[in-house]
Amino acid sequence: QVQLVESGGGLVQPGGSLRLSCAASGSVFSISDMAWYRQAPGKQRELVAAITSGGSTNYADSVKGRFTISRDNAKNTVYLRMNSLSPGDTAVYYCNAEIWARGGGLGMPYWGKGTLVTVSS
């Protein structure tokens, strides 16, 4: 069984920073793309940033220059460094990864349960 567990969310003032982490655990054989999504109240879930196994990255226009996605393949972990946060960044942030489990089979998308980021003074 494979799990993705996020951490690092919380309350931060406008202009502040946070770093989110997401670790894959369980019967992980390999991981390809990893990504962060977010869902604000009353809005659809949207892609924030993605990173390939080789380290290529992609960002939503709204976070370019402020957020940085990175990964540690040895730890099966993806990070999201968020700077210059504004109230518009308030959302539940979800980790997503395409994972091949031990024992064979095809790669499958997995989701974490989310971590809440609140930007408020």
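Residues numbered from 1 in each chain as written. Predicted model: local features only at pLDDT ≥ 70, side-chain atom pairs only at ≥ 80, totals over all residues. Heavy atoms only, no water.

Colleague: Can you walk me through the nonpolar core in this structure?
Modeller: Proteins that are soluble and globular tend to have nonpolar side chains buried together. Within the largest apolar cluster, 32 residues are counted, with the highest numbers of intra-cluster contacts made by Trp 36, Leu 80, Met 82, Tyr 93 and Ile 99. Here this core takes five residues from strand 9 (residues 91-101), the largest share from any one element. Ignoring anything within four residues of it in the chain, the contact list for Tyr 93 reads Glu 6, Leu 20, Trp 36, Tyr 37, Arg 38, Val 48, Phe 67, Leu 80, Met 82, Gly 114, Thr 115 and Val 117. (Core = buried A, V, L, I, M, F, W, Y, C linked by side-chain atoms within 4.5 Å. Buried < 20%, exposed > 50% of the residue type's maximum accessible area, 1.4 Å probe, protein only. Helix = DSSP H or I, 4+ residues; strand = E, 2+ residues; numbered from the N terminus. Contact = heavy atoms within 4.5 Å.)

Colleague: I keep staring at unusual backbone geometry and nothing clicks. Help me out?
Modeller: For residues other than glycine, phi is negative in most cases, and the peptide bonds are mostly trans. For Asn 76, which is not glycine, the phi dihedral falls at a positive 55°. Of note, Asn 76 is situated in the loop between strand 7 (67-72) and strand 8 (77-82). Although it is not a glycine, Ser 84 sits at a positive phi angle of roughly 50°. Along the polypeptide, Ser 84 turns up in the loop between strand 8 and strand 9. Ser 84 sits in the partly exposed class, given a relative accessible area of 43%.

Colleague: How do you make sense of the pairing of strand 8 when you look at a structure like this?
Modeller: The side chains of a regular strand alternate between both faces of the sheet. Most of strand 8 is tucked away, with five of its six residues classed as buried. The pairing of strand 3 (residues 18-26) with strand 8 spans six bridges and is antiparallel. The residue of strand 8 that forms the bridge with Cys 22 is Val 78. Pairing of strand 7 with strand 8, which is carried by six bridges, proceeds in the antiparallel orientation. Bridge pairing in strand 8 links Arg 71 to Val 78. (Pairing = 2+ DSSP bridges.)

Colleague: Help me out: how do you make sense of the state of the cysteines in this one?
Modeller: Such a bond, covalent and formed between the sulfur atoms of two cysteines, is termed a disulfide. On inspection of all chains with the given rule, the structure shows one disulfide. One disulfide bridge connects Cys 22 with Cys 95, the sulfur atoms lying 2.1 Å from each other. On the sign convention where negative means left-handed, the S-S torsion of about -85° between Cys 22 and Cys 95 marks this disulfide as left-handed. Separated by 73 residues along the polypeptide, Cys 22 in strand 3 and Cys 95 in strand 9 bring together distant segments of the chain. Residue Cys 22 is classed as buried on the basis of its relative accessible area of 0%. In this structure Cys 95 comes out as buried when scored by relative accessible area, which is 0%. (Disulfide = S-S within 2.5 Å.)

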